[in-house]
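# A structural walkthrough
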Amino acid sequence: AAGQAMLEVKNLEAWYGESHILHGVGLEVRPGEVVTLLGRNGAGKTTTLRAIMGLVGRRAGSIRFDGKETVGARSDQIARAGIGYCPEERGIFASLTVTENLMLPPVVRGGGLELDTIYKLFPNLKERANSPGTKLSGGEQQMLAIARILRTGAKLLLLDEPSEGLAPVIVQQIGVTIRELKSRGFTVVLVEQNFRFAQTVADRHYVMEHGRVVAEVANADLAASMDRLHEYLGV
Ligand code: ATP
């Protein structure tokens, strides 16, 4: 069964300088799954995504992607292997148009979506193709940040709080997009603070606290587990 995992993280430790942030994180993601990392501020969710992407100071333990060890690989090599990261701040270039933002990242791997396909998936972005990044709403910026990693050829998408700061109706649209990506065979790991949103998109959840995974919950069991998880989630 272990051979089925697309991403297999074991005993992951991570440091920023002298700060030891992750203490033996373990998780597995199968191809086509949508999995969330839940937990309070400072639990280590963002650091887990950054560690998978090779963007922390130091890592130890194991992160296997498609069966290959990536602890020790550089972040550009990890991107080339097929992992895309969308940071919480989204990283849209304000002076560039939507199309220019989409064309900016290098295609690191075969099978990236063409611009036409991306515009079919994101009709709102198509309407805004020639608008500069500064003119986009928060929701449009989030869509653009997700769309941009689809062009690179990434198969595993790491999304940091895509719902953050967005109006409920826009959060719903992001949910539709994530489910559409799943139906197209993409695999998604997302950090979330918004449980209701997490419940509408995910197959499974990992709950983090103090740099560790403290619980794993199937989506169907999340509501019933709220009492047990309350102390970790702060809700
Ligand atoms: P949040 O929702 O606030 O981002 P999180 O669960 O994603 O929460 P992390 O951002 O991973 O948490 O932070 C985990 C711990 O690492 C926190 O104690 C934070 O202060 C610390 N930390 C984060 N970034 C750095 C950094 N660049 N240098 C040193 N410590 C950091």
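This text follows the structure it describes.
In short, a report on the structure.

Rules of the game
- Residues numbered from 1 in each chain as written.
- Predicted model: local features only at pLDDT ≥ 70, side-chain atom pairs only at ≥ 80, totals over all residues.
- Heavy atoms only, no water.
- Buried < 20%, exposed > 50% of the residue type's maximum accessible area, 1.4 Å probe, protein only.
- Helix = DSSP H or I, 4+ residues; strand = E, 2+ residues; numbered from the N terminus.
- Contact = heavy atoms within 4.5 Å.
- Polar contact = N/O pair within 3.5 Å; in protein donor to acceptor, adjacent residues only side chain to side chain.
- Pairing = 2+ DSSP bridges.
- Axes fitted to C-alpha atoms, helices over the stretch in contact; angles between N-to-C directions.
- Parallel < 35°, antiparallel > 145°, perpendicular 65-115°, else oblique.
- Left-handed = near helix turned anticlockwise from the far one by under 90°.
- Salt bridge = Lys/Arg side-chain N within 4 Å of Asp/Glu carboxyl O.

### Description of helix α1 (residues 45-52)
The buried fraction of α1 amounts to six of the eight residues, a majority that puts the element mostly inside the structure. K45, T47, T48, L49, A51 and I52 are the residues of α1 that are buried. One or two positions beyond α1, positive phi appears at G54, with a value near 80°.

### Describing the environment of T152
Structurally, the position occupied by T152 is in the loop between α6 (138-151) and β7 (156-160). Along the primary structure T152 and T134 are separated by 18 residues, whereas in three dimensions their C-alpha atoms are 23 Å apart. Setting aside its immediate chain neighbours within four residues, T152 contacts P105, P106, V107, V108, R109 and G112. Engagement of the side chain of T152 in a polar contact is seen with the backbone oxygen of I149, the distance being 2.7 Å. Polar contacts involving the side chain of T152 include one to the main-chain amide nitrogen of A154, which spans 3.2 Å.

### Section: the sheet that holds strand β3 (residues 34-38)
Pairing within the open sheet is mixed, and its six strands lie in the order β6-β7-β8-β3-β9-β10. Sheet topology places β6 (83-86) and β10 (212-218) at the edges, where each strand pairs with a single neighbour. Neighbour-to-neighbour, the strand axes of this sheet turn through a mean angle of 20°, independent of strand direction. Bridge count between β7 and strand β8 (residues 187-191): five bridges; the pairing is parallel. The residue of β8 that forms the bridge with D160 is V191. Against the sheet, α1 contacts β3, β6, β7, β8 and β9 (204-209), and its axis sits at roughly 150° relative to β7. Set on the sheet, helix α9 (residues 219-233) makes contact with β3, β9 and β10; between it and β10 the angle comes to about 155°.

### Here we look at the sheet that holds strand β4 (residues 58-65)
Overall, antiparallel pairing links the four strands, which are arranged β2-β1-β4-β5 in an open sheet. The open sheet has two edge strands, β2 (19-29) and β5 (68-69), and neither has a second partner. The pairing of β4 with β5 spans two bridges and is classified as antiparallel. Directly across from R64, in β5, lies its bridge partner E69. Strands in contact with α1 are β1 (7-16), β2 and β4; relative to β1, the strand with the most contacts, it is inclined by about 110°.

### Quick notes on the side chain of T36
With respect to the helices and strands, T36 occurs in strand β3. Of note is the side chain of T36, whose polar atom sits 2.7 Å from the side chain of H205. Once residues lying within four places of it in the same chain are set aside, the contact partners of T36 are L190, A198, A202, R204, H205 and Y206.

### Digging into the packing of α6 against helix α7 (residues 168-183)
To describe two helices that pack against each other, one gives the angle between their axes and the distance between the axes. Here α6 crosses α7 at 15°, and the two axes come no closer than 10 Å. Comparing their axes, α7 and α6 come out roughly parallel. α7 is crossed by α6, and the crossing has right-handed handedness. Only I170, Q173, I174, T177 and L181 of α7 make contact with α6, whose side of the interface consists of G139, Q142, M143, I146 and L150.

### Re the pattern of salt bridges
With the rule as written, the count across this model stands at ten salt bridges. In this structure, R64 and E69 form a salt bridge, with 3.8 Å as the shortest nitrogen-oxygen distance. What makes R64 partly exposed here is its relative accessible area of 33%. Note that E140 and R128 form a salt bridge whose closest N and O atoms lie 3.1 Å from each other. Of this pair, E140 sits in helix α6 while R128 sits in the loop between α5 (123-127) and α6; the two residues are twelve residues apart in sequence, bridging distant segments of the chain. Accessibility expressed as a relative area gives 16% for E140, which makes it buried. In this structure, a network of salt bridges that share partners links the residues R30, E33, R204 and E216.

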